[in-house]
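Observations on the model geometry
Listed here are the chains, written in short residue letters.
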Amino acid sequence: MEALEQNIAYTFRDSALLRTALTHSSYANEHHCASNERLEFVGDSVLGLVTAAALYTRFPDMPEGRMTKLRAELVCEQSLWEVAEKLQLGTKLLLGRGEESSGGRERHSILADCVEAVIAAIYLDGGMEPAAAFIRTHILAKLDDGQSVLARDWKTELQELIQRRPGRSLSYSMIGESGPDHLKHFAAAVSMNGTVIGTGEGHSKKEAEQAAARAALQALET
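**So, the sheet that holds strand β1 (residues 170-178)**
Reading across the sheet, the three strands line up as β1-β2-β3 and stay open at both edges, with antiparallel pairing between neighbours. Looking at which strands have only one partner, the edges of the open sheet turn out to be β1 and β3 (195-202). Strand-to-strand, the axes of this sheet are offset by a mean angle of 20 degrees, without reference to chain direction. Inspection of the sheet shows β1 paired to strand β2 (residues 185-192) by eight bridges, in the antiparallel sense.

**Section: the pattern of salt bridges**
On inspection of all chains with the given rule, the structure shows eight salt bridges. E129 is the partner of R136 in a salt bridge, and the nearest nitrogen-oxygen pair spans 2.7 Å.

**Considering the packing of helix α8 (residues 108-126) against helix α9 (residues 128-138)**
At a minimum axis distance of 6 Å, the contact between α8 and α9 shows a crossing angle of 150 degrees. Here α8 is positioned roughly antiparallel relative to α9, judged by the angle of their axes. Every residue of α9 that contacts α8 at V115, V118, I119, I122, Y123 and G126 is listed here: M128, P130, A131, F134 and I135. Along the lines of polarity and charge, the residues of the contact of α8 with α9 split into ten nonpolar, one polar and no charged.

**So, helix α11 (residues 205-221)**
End to end, α11 covers 24 Å across 17 residues, agreeing with the expected 24 Å (1.5 Å per residue, within 8%). For α11, the full list of buried residues reads A208, E209, Q210, A212, A213, A216 and L217. Where α11 is buried, its residues touch α5 (64-74), α10 (154-163), β1, β2 and β3.

**Re unusual backbone geometry**
Trans peptide bonds make up the majority, and among non-glycine residues the majority have a negative phi. The phi angle at H32 is positive, at roughly 55 degrees, despite the residue not being glycine. Residue H32 is classed as exposed on the basis of its relative accessible area of 73%. Located in the positive-phi region is N193, a residue other than glycine, with phi close to 50 degrees. Within the secondary structure, N193 sits in the loop between β2 and β3.

**Structural notes on the environment of A216**
On the secondary structure map, A216 appears in helix α11. Owing to a relative accessible area of 0%, A216 belongs among the buried residues under this scheme. Each C-alpha atom of the pair A216 and T199 lies 7.4 Å from the other, and the pair is 17 residues apart in sequence. Ignoring any residue separated from it by four or fewer positions in sequence, one finds A216 in contact with L158, V190, I197 and G198.

**Side note on the packing of aromatic side chains**
The way to describe two aromatic rings as a pair is by their centre distance and the angle between their planes. Evaluation of the coordinates by the stated rule reveals one aromatic pair. Between Y10 and F12, the aromatic rings sit 5.0 Å apart at their centres with planes inclined by 85 degrees, giving edge-to-face as the arrangement. A single burial state applies to Y10 and to F12, both of which are buried.

About the cut-offs
Residues numbered from 1 in each chain as written. Predicted model: local features only at pLDDT ≥ 70, side-chain atom pairs only at ≥ 80, totals over all residues. Heavy atoms only, no water. Pairing = 2+ DSSP bridges. Helix = DSSP H or I, 4+ residues; strand = E, 2+ residues; numbered from the N terminus. Axes fitted to C-alpha atoms, helices over the stretch in contact; angles between N-to-C directions. Salt bridge = Lys/Arg side-chain N within 4 Å of Asp/Glu carboxyl O. Parallel < 35°, antiparallel > 145°, perpendicular 65-115°, else oblique. Contact = heavy atoms within 4.5 Å. Nonpolar A, V, L, I, M, F, W, Y, C, P; charged D, E, K, R; others polar. Expected span 1.5 Å × (residues − 1). Buried < 20%, exposed > 50% of the residue type's maximum accessible area, 1.4 Å probe, protein only. Phe/Tyr/Trp six-rings, centres within 6.5 Å; stacked < 30°, edge-to-face > 60°.

Interpretation in functional terms is not warranted from these geometric data alone.
And the structure:
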């Protein structure tokens, strides 16, 4: 627990909250204790509020629809799983025997839920500010560290550019897929009138297509 507190840069006054945040329902059912499901419920709300407020402040001209989409990207399962991996939450999880044997420590949904539970535990233990600090450091930092592609819809921008050129159309295709079911990796290509103009990779088909569109835009604009 002390090592995890160092990773998240927060020391709990009530360490039981952190333990509950790491307790999966499979373990709770076997040991007749509280699981992290209720904390996950609270953490989801705290995460949504802090993220929405940050986007409202940071992007004063961004329309509501784009903010909604960007918030969804920032708090999606894949994004939260990446945070869990960085913090090594999987090694600290309390799992039931069945979940342990079936690879629960690596399951994206379990790890993403755990991140939300940890956010709630911090919020309930220390208030909004330390919870918001955690969110800014581990989730909203993507807007500053080179992953700010989330703030732009590359496919829409590419479509708008192509539409200015009559007789040209776009199509996307998957050109590669690898990895186990819980850690898929996709490669996509975008073509203009049948000619590939960009390729990209990602942990989802949508992410790969966005990366391909970004590459195409960069190529067309140079």
